Amino acid sequence: MSVRPEELLIGTVAELIGRVRHVAVGALSPIPAAAALLGARRHDGMRVSILNSRRHSFFTDGGRELFDCAGQGRIDAFFLSGGQIDGAGNVNLVAIGDYDRPKARFSGSFGSAYLYYVVPKVILFRLEHTRRTLVDRVDFISAPGTSPPGTYRPGGPHALVTELCVFQFDKPSGRFALASLHPGVSLDEVRDRTGFAFATPDVVPTTALPTDADLALMRGPVARDLAETYPAFAAEVLGWRAEETVR
Amino acid sequence: MSVRPEELLIGTVAELIGRVRHVAVGALSPIPAAAALLGARRHDGMRVSILNSRRHSFFTDGGRELFDCAGQGRIDAFFLSGGQIDGAGNVNLVAIGDYDRPKARFSGSFGSAYLYYVVPKVILFRLEHTRRTLVDRVDFISAPGTSPPGTYRPGGPHALVTELCVFQFDKPSGRFALASLHPGVSLDEVRDRTGFAFATPDVVPTTALPTDADLALMRGPVARDLAETYPAFAAEVLGWRAEETVR
Amino acid sequence: MAFPGPTELDSALRLIEDGALVAIPPDYAGVAMAATRALIRRGVRGLRLVCVPQSGLQADMLIGAGTVAEIETAAVTLGEYGLAPRFTAAIRAGTVRIRDATCPAIHAGLQASEKGAPFSAMRGLIGSDLLKVRPDWRVIDNPFGPGDDPVALIPAIRPDVALFHAPMADAHGNVWVGKRRELVTMAHAAADTLVTVERLYDGDLLADETLAAGTLPALYVGHIAVVPEGTWPIRFGTRTTDATHMAEYAEMAATEAGFQRYLARELAR
Amino acid sequence: MAFPGPTELDSALRLIEDGALVAIPPDYAGVAMAATRALIRRGVRGLRLVCVPQSGLQADMLIGAGTVAEIETAAVTLGEYGLAPRFTAAIRAGTVRIRDATCPAIHAGLQASEKGAPFSAMRGLIGSDLLKVRPDWRVIDNPFGPGDDPVALIPAIRPDVALFHAPMADAHGNVWVGKRRELVTMAHAAADTLVTVERLYDGDLLADETLAAGTLPALYVGHIAVVPEGTWPIRFGTRTTDATHMAEYAEMAATEAGFQRYLARELAR
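Student: Please explain the nonpolar core as it appears in this structure.
Tutor: One broad trend across soluble globular proteins is that nonpolar side chains are buried collectively. Membership of the largest hydrophobic core comes to 256 residues, with the highest contact counts inside it found for Phe-167 of chain A, Phe-167 of chain B, Ile-16 and Ile-71 of chain C together with Ile-16, Ile-71 and Val-175 of chain D. If we skip the residues at most four places from it in the chain, Ile-71 of chain C touches Leu-49, Cys-51, Ala-59, Ile-63, Val-76, Phe-87, Val-96, Arg-97, Ile-98 and Arg-99 of chain C. Residues Ala-34, Val-166, Val-237 and Leu-238 of chain B belong to the second largest nonpolar core, which totals 38 residues.

Right under this line is the structure:
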């Protein structure tokens, strides 16, 4: 089967999530949501919370419950993005330039300054792979990649997924290291378009394509589950058509 | 009309509550509950919360809401009792004698160590007026009558009502002062049966009997309202009979 | 993990091991009395109770039966049936450790745990002897004040298990608790939760917006057992307390021997 | 005081004075957009917004209309319609003070106010630049830890008014919010609350145990106005966001002049 770039990413992110009890996905994240739903199809009993979904949301205690739930250690994986992300895993969701008179202003830190600390596997997902987004040092730290010893920090970055490659976060060094290049992407291109220095294995693997079984899941039950929250994505990317529903 | 002792107390407590926005009443308190309901009949718009009542409870946020509500400044009057109460307004709901090996153990402090601090008018209600209950100094301070300057303390004791008399709490001296003797009670009797020293006015008033209008309210609509939570008290003391309900 | 479906009571109760820190609700919020009798029958030992924020017959029976090592509570009382006899006897004899609290401190400690916070700040308490007997509570100067403004800090309370009774649960493990939100906080704060319910709801409690408002999601619920009238003799919903039974309990439990007769009879039911 | 019954929207909005600290909910929880347009029409000034914990069109419009002096928020965004143009322009121009927060800090600040506590403790935050731009937040060494365990303290947030839209209210002033519990916390934390509702419920919301579970009691509610479709163009319940309108807003509001044309048109409706 031919694989769309989004399908490659969904499969990759599902691998990064792995087998966990509970993965939560924030708003405006169709690929992470699809990856989480794929994970749930592969791993029996895995729970997926998709914010703003009516069918895939288990929360009944208002907006705080996601954060409380994470603070209780009941969320194993979550996704963050960033206007800027640097090689030390610092995330900037606030502004570029001087904070008081920014050159560019983003939406704000959302829950990053908490969830990045308490969720064990935070996967950074930022498709745009440029020196504008992946920088040597973020202008504002919404949430830091690492914390000094003694700081309460059960959580933190696990990986960074872009349109070009996958970085794994290396805890001992506190830096991202290249883990795989997406098919057709060269190491030079990644070096060229990345604003931070990163370690590279001697032989850089190619990001694995999803298996046929995974593709079938994505285009079938996963697309159907996803369509509730992301109907356009499910239809246009995964080819989901509601009338085919049989279940 | 002849007035029962309980009716005298209900009228007295209603006077002490006065016109407030919101009075709350804890469990096992038929006389304070009746007094609060009487107040609501006299003062339009006054709100009464009776714990464990289904009709007179406005809370929907679990057991903490009473305390949160009080902490927000939304409860103006509340009632406390005590295994021991002393002349400085200290309340003991825990134990008599040494805490570690008590001679007597009471139920526990309930919410006193919070509500006594934050509810402006706390009325202590303890019918048993003896040197065993009204002591010079409590053995354990569940909640103190006063706090040092600087301590956050918008609330505190307003009065102490017993089977014999009413004490008003005098804030400047931080002590109870005799306010009135119930009809037929002598000052000597109160002195004799009180374990703490207290100031006495030159002429001690007699606790006012409820007016006929108040008695009619007590025996009519107040008894009916009360019957939901305290059916036996409403029937035996206030003569309420359900079949008379007309409304 | 996926909710395995309702189980037998005795099987569900395996969640509560010897020495467990167990949160239990007040009489008005759904006391799992059938589960309590089953626990005693099983011979559980060394329980540490957290009453949210107080208890009655349940704590008194568990103490009388020798299953309790420690109790944190704002009060234990039989209410209109008098003081809790086995509780007061145990405290006087020193056979059970007491952690005297006040209602909002227990709520605050559970809410800290619910939020994954190390402690909650709480007004009141300053000058109370509770601070003397609770060295685990702290007082700091309010860092937001002008100085000399003492405020108490209550550490997070993280029960091993929350145990209560609720009107209904569905096959997915969601539990409807209505406006009894202390049960939600207990479950959020606890590592795991065991619920007995009156009945099963045929459907998904989260799928109905009206029911969802009063539903504790399955995410927090480890085990559910269907036990109709599971709070007896304590009231529940429109069912009133069994007054005759409570008066009899108060009388029998006034002495150790009387309590043992009561217990033998009740466990044999 | 007794609830005076539902009132006209403009009359209810008197509750919000110039300079008021106003708490508003996120797009998924019932945004009082009709009230927002009426407020702008009235010419309110100097509002200080607390977004619980974020906002979208509502904050962007209020800012664009010049009604806002300050905003505390975890984010302002139009979501799939892009960045919030008037918000970002105002921050870049420095015409609105921003108090950058993170979602759980706003919840924690409101919950402190709800409890009458001076502050809430919160994990996370250590090492975030948010601490640099929020000198009103403090870091202390956890008094319950072994030392060298920094923990952030968030001061209580006490809004003057909480403003939101809900499905229904009854004649007593009780408001059904369902599982949108942030609305309950907002109302508890605020000095007063103004609610627009889709419709009136014929009966007492607290008298029905199922509805009571999702009901904010009248005790906390100062004014209610019946405004069907009061969140338009933002989604509510099963009603979806008006995508055409939102796309148009994003386009027009990209420039100051375009926003003013949009505003003039909408206020004239």
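Student: Would you explain the pairing of strand S6 (residues 97-100) of chain C in this entry?
Tutor: Every regular strand shows the same layout, with side chains that alternate between the two sheet faces. All names here are of chain C. Here S6 shows a clear split, with Ile-98 and Asp-100 buried on one side and none of Arg-97 and Arg-99 buried on the other. Relative to S6, strand S4 (residues 68-73) is paired through four bridges, and the arrangement is parallel. Paired with Glu-70 across the bridge in S6 is Arg-97.

Student: How should I be thinking about the domain arrangement of chain C in this particular structure?
Tutor: Many authors give the size of an interface as the accessible area that is lost as the parts come together. Residue and element names in this part refer to chain C. When the domains of chain C are assigned, the result is domain 1 (9-105 + 159-267) and domain 2 (119-155). At the interface, seven residues of domain 1 touch eight residues of domain 2. Surface buried jointly by domain 1 and domain 2 totals about 560 Å² across both partners, of which 64% is contributed by carbon and sulfur atoms. When residues of domain 1 are sorted by the area they lose upon contact with domain 2, Arg-99, Asp-100 and Ala-105 head the list and together hold 62% of the total.

Student: What exactly am I supposed to notice about the packing of aromatic side chains here?
Tutor: How two aromatic rings sit relative to each other is given by the distance of their centres and the angle of their planes. For the coordinates displayed, the defined rule picks out 22 aromatic pairs over all chains. Consider the rings of Phe-167 of chain A and Phe-196 of chain A, whose centres lie 5.4 Å apart with planes at 55 degrees: the pair is tilted. One end of the pair, Phe-167 of chain A, is in strand S11 (residues 165-170); the other, Phe-196 of chain A, is in the loop between helix H5 (187-193) and helix H6 (212-227), and 29 residues separate them in sequence. Both residues of the pair, Phe-167 of chain A and Phe-196 of chain A, count as buried. Site record: aromatic cluster; members linked through ring pairs are Phe-167, Phe-169, Phe-176, Phe-196 and Phe-198 of chain A. One Lys or Arg, Arg-153 of chain B, reaches over the ring of Tyr-116 of chain B and ends 5.2 Å from the middle of that ring. Residue placement shows Arg-153 of chain B over the ring face of Tyr-117 of chain B; its charged tip is 4.6 Å from the ring centre.

Student: What's the story with the pattern of salt bridges in this structure? I'm lost.
Tutor: Pairs can form between side chains of opposite charge once their charged atoms are near each other. Tallied over the entire structure, the rule returns 56 salt bridges over all chains. Of the charged contacts, one joins Glu-128 of chain A and Arg-126 of chain A as a salt bridge, the two residues approaching to 3.0 Å between their closest N and O atoms. Since its relative accessible area comes to 25%, Glu-128 of chain A is described here as partly exposed. Put simply, Arg-99 of chain D and Asp-136 of chain D hold a salt bridge, and the shortest N to O gap is 3.1 Å.

Student: What should I look at first to understand the sheet that holds strand S4 (residues 84-86) of chain B in this one?
Tutor: Strands belonging to one sheet form pairs held by backbone hydrogen bonds; the direction of such a pair is parallel or antiparallel. The three strands are arranged S5-S4-S9 (chain B) in an open sheet whose pairing can be described as mixed. Across the chains shown, the open sheet's two edge strands, defined by having one partner strand only, are strand S5 (91-92) and strand S9 (134-135) of chain B.

Student: In this structure, what is going on with the environment of Ala-95 of chain A? I would like to understand it.
Tutor: Residue and element names in this part refer to chain A. Here Ala-95 lies in strand S6 (residues 95-96). In this structure the C-alpha to C-alpha distance between Ala-95 and Ala-223, which are 128 residues apart in sequence, comes to 35 Å. With near-sequence residues (within four places) excluded, Ala-95 lies in contact with Pro-102, Ala-104, Arg-105, Phe-106, Asp-139 and Phe-140.

Student: What is the right way to read the state of the cysteines from this model?
Tutor: Cysteine pairs can be covalently joined through their sulfur atoms, and such a bond is termed a disulfide. According to the stated counting rule, one finds zero disulfides over all chains in the structure shown. Free of any disulfide, Cys-69 of chain A has its nearest cysteine sulfur in Cys-103 of chain D, 15 Å distant. We classify Cys-69 of chain A as buried; its relative accessible area is 0%. For Cys-51 of chain D, which is in no disulfide, the shortest distance to another cysteine sulfur is to Cys-103 of chain D and amounts to 11 Å. Using a relative accessible area of 0% as the deciding quantity, one classes Cys-51 of chain D as buried.

Student: Before we go on, may I ask you to explain helix H6 (residues 212-227) of chain B in this structure?
Tutor: Count 3.6 residues to each turn of an α-helix, and residues three or four apart come out pointing the same way. Residue and element names in this part refer to chain B. Compared with an ideal rise of 1.5 Å per residue, which puts 16 residues at 22 Å, H6 spans 21 Å between its outermost C-alpha atoms and is within 8% of the ideal. Of all the bends found along H6, the most pronounced is centred on Met-218 and spans about 40 degrees, while Pro-221, a proline, follows it within four residues. Those residues of H6 lying buried are Asp-214, Leu-215, Met-218, Gly-220, Val-222, Ala-223, Arg-224, Asp-225, Leu-226 and Ala-227.

About the criteria used
- Along each chain, residues carry numbers from 1 onward, in the same order as the chain's sequence is written.
- A letter from A marks each chain and a number from 1 marks each ligand, given out in the order of writing.
- Owing to the predicted nature of the model, reporting of local features is limited to residues with pLDDT of at least 70; listing and counting of side-chain atom pairs is limited to 80 or more, with chain, interface and lining totals taken over all residues.
- Only hydrogens and water are set aside; all other atoms, that is, all heavy atoms of the structure, feed into the side-chain values.
- Nonpolar cores were defined as sets of buried Ala, Val, Leu, Ile, Met, Phe, Trp, Tyr and Cys residues, with membership established by side-chain atoms within 4.5 Å.
- Each residue is assigned to one of three classes by its accessible area relative to the maximum for its type, calculated with a 1.4 Å probe on protein chains only: buried under 20%, partly exposed between the two thresholds, exposed over 50%.
- We call two residues in contact when some of their heavy atoms are within 4.5 Å.
- Counting from the N terminus, the helices are the DSSP runs of H or I reaching at least four residues and the strands are the DSSP runs of E reaching at least two.
- By the convention used here, strands pair only if DSSP detects at least 2 bridges between them.
- Domain delimitation in this document rests on an assignment produced automatically or drawn from a domain database.
- Note: buried area is the sum, over both parts, of the accessible area (probe 1.4 Å) each one loses when the two are combined.
- Between 30 and 60 degrees the pair is tilted, below 30 it is stacked and above 60 it is edge-to-face, where a pair is any two Phe, Tyr or Trp rings, Trp via its six-membered ring, whose centres lie within 6.5 Å.
- Our definition puts a charge over a ring when NZ of Lys or CZ of Arg is within 6 Å of the ring centre and also within 35 degrees of the ring normal.
- The salt bridge criterion pairs a side-chain nitrogen of Lys or Arg with a carboxyl oxygen of Asp or Glu, the two atoms within 4 Å.
- A pair of sulfur atoms, both from cysteines and within 2.5 Å, is called a disulfide here.
- Helix span is expected to be 1.5 Å times the residue number reduced by one.
- Think of it this way: the bend at a residue is just the angle between two axes, each fitted to seven residues, one set ending at that residue and the other starting at it.

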